[in-house]
There are 2 protein chains.
Amino acid sequence: MDSNVKHLLRGIVGDAYFKDDAQSLVTHSYDGTPMLQSLPDGVIYPRNTAEVSAIMKVLHEHRIPLVSRGSGTNLCGGTVPVHGGVVMVMHRMNAIVEVDTQNLTATVQPGIITKQFIEHIEGLGLFYPPDPSSMAISTIGGNIAECSGGLRGLKYGTTKDYVLGLECVLADGQILRTGGKLMKDVAGYDLTKLLIGSEGTLAVITEATLKLIPPPKAKKTMLAMYTDIYGAARTVSSIIENRIIPATLEIMDNPTIRVVDDFAKLGLPLDMAAILLIEQDGEPEMVERDIAKISGICREEQAARISIAETPEEALKLLTARRSAFTALARLRPTTILEDATVPRSKIAEMVLEINRIAEKHNVQICTFGHAGDGNLHPTATTDARDLEEVHRVEAAFEDIFEAAIRLGGTITGEHGVGMVKAPYLEWKVGGPGIQVMEAIKEAFDPHNLLNPGKMFAKESRRRVVIERG
Amino acid sequence: MDSNVKHLLRGIVGDAYFKDDAQSLVTHSYDGTPMLQSLPDGVIYPRNTAEVSAIMKVLHEHRIPLVSRGSGTNLCGGTVPVHGGVVMVMHRMNAIVEVDTQNLTATVQPGIITKQFIEHIEGLGLFYPPDPSSMAISTIGGNIAECSGGLRGLKYGTTKDYVLGLECVLADGQILRTGGKLMKDVAGYDLTKLLIGSEGTLAVITEATLKLIPPPKAKKTMLAMYTDIYGAARTVSSIIENRIIPATLEIMDNPTIRVVDDFAKLGLPLDMAAILLIEQDGEPEMVERDIAKISGICREEQAARISIAETPEEALKLLTARRSAFTALARLRPTTILEDATVPRSKIAEMVLEINRIAEKHNVQICTFGHAGDGNLHPTATTDARDLEEVHRVEAAFEDIFEAAIRLGGTITGEHGVGMVKAPYLEWKVGGPGIQVMEAIKEAFDPHNLLNPGKMFAKESRRRVVIERG
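No experiment lies behind these values; they were computed from the predicted model shown.

### Re the overall build of chain A
When helices and strands are counted, chain A shows 15 helices and 16 strands. Taking 23 Å as the expected radius of gyration for a compact globule of 470 residues, we find that chain A reaches 22 Å, a close match to that expectation. For chain A, the exposed surface amounts to about 16,000 Å²; the carbon and sulfur share of it is 50%. Put simply, chain A has 49 plus and 60 minus side-chain charges, and the middle of one group is 1 Å from the middle of the other.

Next up, the structure:
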């Protein structure tokens, strides 16, 4: 990137907010995904939409790639600047512009931290359900780019169900506004929904109008523990088949239980094959009735133990077990690869069986936890990036896992996105015509391939991308 | 269209299912929209996806336009074959392929009648909420193409919230499959949501996987009547602001009340300025509590009369009042133009005021009813297509209404679609960059502009399209 461009960029944001020192470049060369790294040529911190637009005009004119990002917590290599160029960090654009209690909407800038936003909203007696595990550090903009899910997805849906409108900057610097404070809007193609989950490849999101809902009046949390993991999986199907949609319905297998307990000292029973974390919320009477019915179903499916939290503190303790899974697993070995193969919820038992069979076949350690009610499992491999032979076995295992998910009517990613990591497998899910249409959409928005290039679409199919950390 | 092409098409579907006699052409030259008509060159009735694909390959090779349609109940001129070509009627593809009670999904062909599908699903103890007013004749495929709403949209969302996956045929005959029986899927761009509401301009939908939910256990229906329409509008805002989301929250103004009562003989009070139809469903205790709270809010806002249905028969009678609005209004004068300008729900009172002011300014009769809880109003003009001078006044009034809706943060269409009728106004809502991006998406899917050409994008901005019936 020549010094003239740097000069132009500094002119837009001020010297303090464009950086090209080694430390800034290295700290923005990777994200939450292990074993992927690539240096950008500069890092820029815009203050408002006008600056983002001005930056894009410069980059567009000089054909320089841009990767926009929040906290970089994604797990698909989605914000690694693999083609160099400029990394745009949205943290300065972190205002809650407005909470409209008449229309039940909030308008925010993309850099607001998810949890801060949720707490602000809850303080006003309202509710914003999407709660990705990374919410303490992730940004709403990043959640929108990846269409993040979370523990409440089963009942409440994911980020896409709560975005009513967007403001974004196109590759050439033009500003596009979609949707609004509107529950219904069919004026042309649904660009809002198309941009959600587009992983920064179509536009830079600069503002979002979010839907809020009334909070549930009551909530109850329980754990059900099984000596047989398939009993747990059958419980998941049976709850839904009995016309109950819990707020949360999560599973942890035995290896996950062990490491979580070692990490969080919760006194979990270490001899159980699986634990289900179940929450129901809503009207108090319904919550009581549903939890009673769910307990009955757990017993029918041979749950060895059921504990129902009697206080909010007890509930928090049960929830902590699930929320610490990733952190706890990450302590086991130097490298943690967390995936999110997803299947129809009726196939959970079969998928767990497949994952275990595949882990054994490739002689790798895979712990499984995840959003069982959504069919969204997180098979997680603990390995060591320095042991390339083992890493390749892990890669081969995940390849088999994606193949199994597709075979069971599932998908290669339920909430983490495609990025670099899943790009080689995208065709498995969407087929040749799907790739063709998606590439044409990318070309329609970004003909010079400037926005987050090298993501979503792979040159070759099949093999997971591994770049050695350099 | 030359006889060779006709021969090829007959070869695909059989002689009985390709028609080019005058009667078939005339009956497929218009849809539910008044004052628009254009003859196709042929009408074809495919039996399955393979036939649709084969048809598209022939049409693609010969660059012949295609308009796919269900029952043609749309109100935006969405299925008028304005560039000629072939009209593809999906009624033979009307199977309910599968209802999966474990995953709570249904897989259907596009030609199934909405109400038949809903009744089938309800018979299985499940619930499919989207209920457009035309559901007794509309098809699920048409609902998907237009992203249809309905009376239950406020609480349950619209068609787009219930489509999990699609099979469709692209302009060149390739078959594309999106999504699946998956609550979460972020493998690439969300083509499912992009296709919903794309009005047949991007692909021909040949199968859909729909999300079902557990039915509400109880339901209660009430009417609140006002001598002041703004009291009714304020009630709408106040209910939502009090954190209550009713299943249905509909408004009818005085002219609508009069014609509905004359039509359906319901004994409605003819001296009221507005009636709200309110339904709540869910857990029995919650329904009781919400209806009590809503009644309190209605009284605070000076409702002159409140009636709560005590039996399902009484509820049906109240619901019939709202459901017959369009039919009743259509009896007033030869031509009925029903629009759907939509505003943030807090702007309902202001918008009703605007509509009345505009009707007076242009000296036209506009009755207003609609989904008040969504901010989705249906200002409906009764006129006579033969009186061109009056029709032009009606057009001018609607132009002012769209302008007012945009000014209030709303949109030109909440659930009817753009089609031909709103195409000149699309830019008002989405701006220059929005039009540019949407046209690029259209080009990406359909470079030869074969799928429903002449819709959504207007040559000139501003004036509503009026084609005299020829």
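### Describing the interface of chain A and chain B
Facing the 85 residues of chain A at the interface are 85 residues of chain B. Carbon and sulfur atoms supply 59% of the area buried between chain A and chain B, which totals about 6,600 Å² over both sides. In this structure, the connection of chain A to chain B is made through 12 salt bridges. Of the charged contacts in the structure, one is a salt bridge between arginine 289 of chain A and glutamate 285 of chain B, with a shortest N-O distance of 3.0 Å. For the pair chain A and chain B, the number of links is 30 residue pairs in polar contact (both at pLDDT 80 or more). Only strand E8 (175-179), helix H7 (191-195), helix H8 (229-241), helix H10 (284-300) and helix H15 (426-445) of chain A provide two or more residues apiece to the side of chain A that touches chain B. The residue makeup of the side of chain A that touches chain B, split by class, is 35 nonpolar, 28 polar and 22 charged.

### Comments concerning the sheet that holds strand E2 (residues 42-44) of chain B
Residue and element names in this part refer to chain B. Read from one edge of the open sheet, 4 strands run E1-E2-E4-E3, paired in mixed fashion. In the strand order of this sheet, the two ends are held by strand E1 (18-19) and strand E3 (66-69), each with one partner. Across 4 bridges, the pairing between E3 and strand E4 (residues 86-89) is parallel. The residue bridging serine 68 from the neighbouring strand is methionine 88, located in E4. Sheet strands in contact with helix H3 (residues 49-62) are E2, E3 and E4, and its direction is about 175° off that of E4.

### Some remarks on the domain arrangement of chain A
All names here are of chain A. By domain assignment, chain A separates into domain 1 (1-215 + 417-470), domain 2 (218-328) and domain 3 (330-416). Put simply, the middle of domain 1 and the middle of domain 2, counted by C-alpha atoms, are 33 Å apart. In total, domain 1 and domain 2 occlude about 940 Å² of area from one another, counting both sides; carbon and sulfur atoms represent 54% of this. Taken together, domain 1 and domain 2 are joined by 2 salt bridges. Remark: the boundary between domain 1 and domain 2 carries 5 residue pairs in polar contact (both at pLDDT 80 or more).

### Side note on the pattern of salt bridges
Across all of its chains, the model carries 64 salt bridges over all chains by this definition. Its salt-bridge partner being glutamate 167 of chain A, residue arginine 177 of chain A comes within 3.2 Å of it at the nearest N-O pair. Here arginine 177 of chain A is found in strand E8, whereas its partner glutamate 167 of chain A is found in strand E7 (residues 163-169), with 10 residues between them in sequence. Measuring nitrogen to oxygen at the nearest pair gives 3.8 Å for the salt bridge that ties arginine 407 of chain B to glutamate 354 of chain B. Of this pair, arginine 407 of chain B sits in helix H14 (residues 388-407) while glutamate 354 of chain B is found in helix H13 (residues 348-361), placing the two residues 53 residues apart along the sequence. A cluster of three or more residues bridged by salt bridges with shared partners is formed by Lys217, Glu283 and Glu285 of chain A together with Arg289 of chain B.

### Examining unusual backbone geometry
Look at glutamate 199 of chain A: it is not a glycine, yet its phi comes out positive at around 60°. A positive phi is found at asparagine 449 of chain A, a non-glycine position, where the angle reads about 55°.

### Some remarks on the relation of the copies chain A and chain B
In the superposition of chain A on chain B (RMSD 0.0 Å, axial shift 0.0 Å), the rotation amounts to 180°. Taken together, the rotation angle and the small translation identify this as a two-fold axis. Comparing interface residues between copies, 100% of those in chain A also sit at the interface in chain B, which points to an isologous, same-surface contact.

### Concerning the side chain of glutamate 199 of chain A
Relative to the assigned elements, glutamate 199 of chain A resides in the loop between H7 and strand E9 (204-211). Despite its burial, glutamate 199 of chain A remains without a salt bridge, the nearest opposite charge being carried by lysine 455 of chain A at 7.6 Å. Here valine 418 of chain A takes part through its backbone nitrogen, which lies 2.6 Å from a polar atom of the side chain of glutamate 199 of chain A. The residues touching glutamate 199 of chain A, leaving out its near neighbours within four places in the chain, are Ala145, Glu146, Gly417, Val418, Gly419, Asn452 and Met456 of chain A together with Val186 of chain B.

### Side note on H10 of chain A
Residues and elements named next belong to chain A. In this model, H10 (17 residues) spans 25 Å end to end at C-alpha, consistent with the 24 Å of a helix rising 1.5 Å per residue. Taken together, the buried positions of H10 are occupied by Met286, Val287, Asp290, Ile291, Ile294, Ser295, Ile297 and Cys298. An end-on view of H10 places all buried positions within 165° of arc, on one side of the element. Counted as exposed and oriented over 90 degrees from the buried face of H10: Arg299 and Glu300. On its buried face, H10 sits against helix H6 (153-156), strand E10 (218-226), H8, strand E12 (274-282) and strand E13 (305-308).

### A short note on the confidence of the model for chain A
Counting all residues, the mean pLDDT for chain A is 94, and 98% of those residues have values of 70 or more. Across residues 464-470 of chain A, where pLDDT falls below 50, the model places 25 contacts with residues more than four positions away in sequence or in other chains.

### Brief notes about the environment of alanine 232 of chain B
The topology assignment puts alanine 232 of chain B in helix H8 (residues 229-241). Once residues within four sequence positions are removed from consideration, alanine 232 of chain B is found in contact with Tyr226, Ile251, Ala274 and Leu276 of chain B.

### Details of the UniProt feature "domain: FAD-binding PCMH-type" (unreviewed entry) in chain A
Per the UniProt record, "domain: FAD-binding PCMH-type" (unreviewed entry) is found at residues 36-215 of chain A. Here residues 36-215 of chain A runs as 22% helix and 22% strand, with 40 Å between its end C-alpha atoms.

### Topic: the sheet that holds E12 of chain A
Residue and element names in this part refer to chain A. Spatially, 7 strands are ordered E13-E10-E12-E11-E15-E16-E14 in an open sheet, and the strand pairing comes out antiparallel. This sheet does not close on itself; its edge strands, each paired only once, are E13 and strand E14 (335-338). In this sheet, adjacent strand axes meet at a mean angle of 15° when their direction is disregarded. The sheet contact formed by strand E15 (residues 366-371) and strand E16 (residues 376-383) spans 6 bridges and is antiparallel. Note on E16: the bridge partner recorded for isoleucine 366 is alanine 381.

### Regarding the packing of H15 of chain A against helix H15 (residues 426-445) of chain B
As a packed pair, H15 of chain A and H15 of chain B sit with axes 9 Å apart at the nearest point and diverge in direction by 150°. When the interaxial angle is binned, H15 of chain A and H15 of chain B end up roughly antiparallel. Like other packed secondary-structure pairs, H15 of chain A and H15 of chain B cross with a definite hand, here right-handed. From H15 of chain A, Val437, Ala440, Ile441, Ala444 and Phe445 of chain A reach across to H15 of chain B, where they touch Val437, Ala440, Ile441, Ala444 and Phe445 of chain B. For the contact of H15 of chain A with H15 of chain B, a count of residues per class yields 10 nonpolar, no polar and no charged.

Conventions used here
Residues numbered from 1 in each chain as written. Chains lettered and ligands numbered in written order. Predicted model: local features only at pLDDT ≥ 70, side-chain atom pairs only at ≥ 80, totals over all residues. Heavy atoms only, no water. Helix = DSSP H or I, 4+ residues; strand = E, 2+ residues; numbered from the N terminus. Rg over C-alpha atoms; globule rule 2.2 N^0.38 Å. Areas by Shrake-Rupley, 256 points an atom, 1.4 Å probe, with all protein chains shown as cover. Lys, Arg positive; Asp, Glu negative; His and termini not counted. Charge placed at Lys NZ, Arg CZ, Asp CG, Glu CD. Contact = heavy atoms within 4.5 Å. Buried area = accessible area lost by both parts, 1.4 Å probe. Salt bridge = Lys/Arg side-chain N within 4 Å of Asp/Glu carboxyl O. Polar contact = N/O pair within 3.5 Å; in protein donor to acceptor, adjacent residues only side chain to side chain. Nonpolar A, V, L, I, M, F, W, Y, C, P; charged D, E, K, R; others polar. Pairing = 2+ DSSP bridges. Axes fitted to C-alpha atoms, helices over the stretch in contact; angles between N-to-C directions. Domains from an automatic or database assignment. Least-squares fit on C-alpha atoms with pLDDT ≥ 70 in both. Buried < 20%, exposed > 50% of the residue type's maximum accessible area, 1.4 Å probe, protein only. Expected span 1.5 Å × (residues − 1). Arc of directions from axis to C-beta. pLDDT = per-residue confidence, 0-100. UniProt positions renumbered as here; feature names shortened; annotations may be inferred. Parallel < 35°, antiparallel > 145°, perpendicular 65-115°, else oblique. Left-handed = near helix turned anticlockwise from the far one by under 90°.

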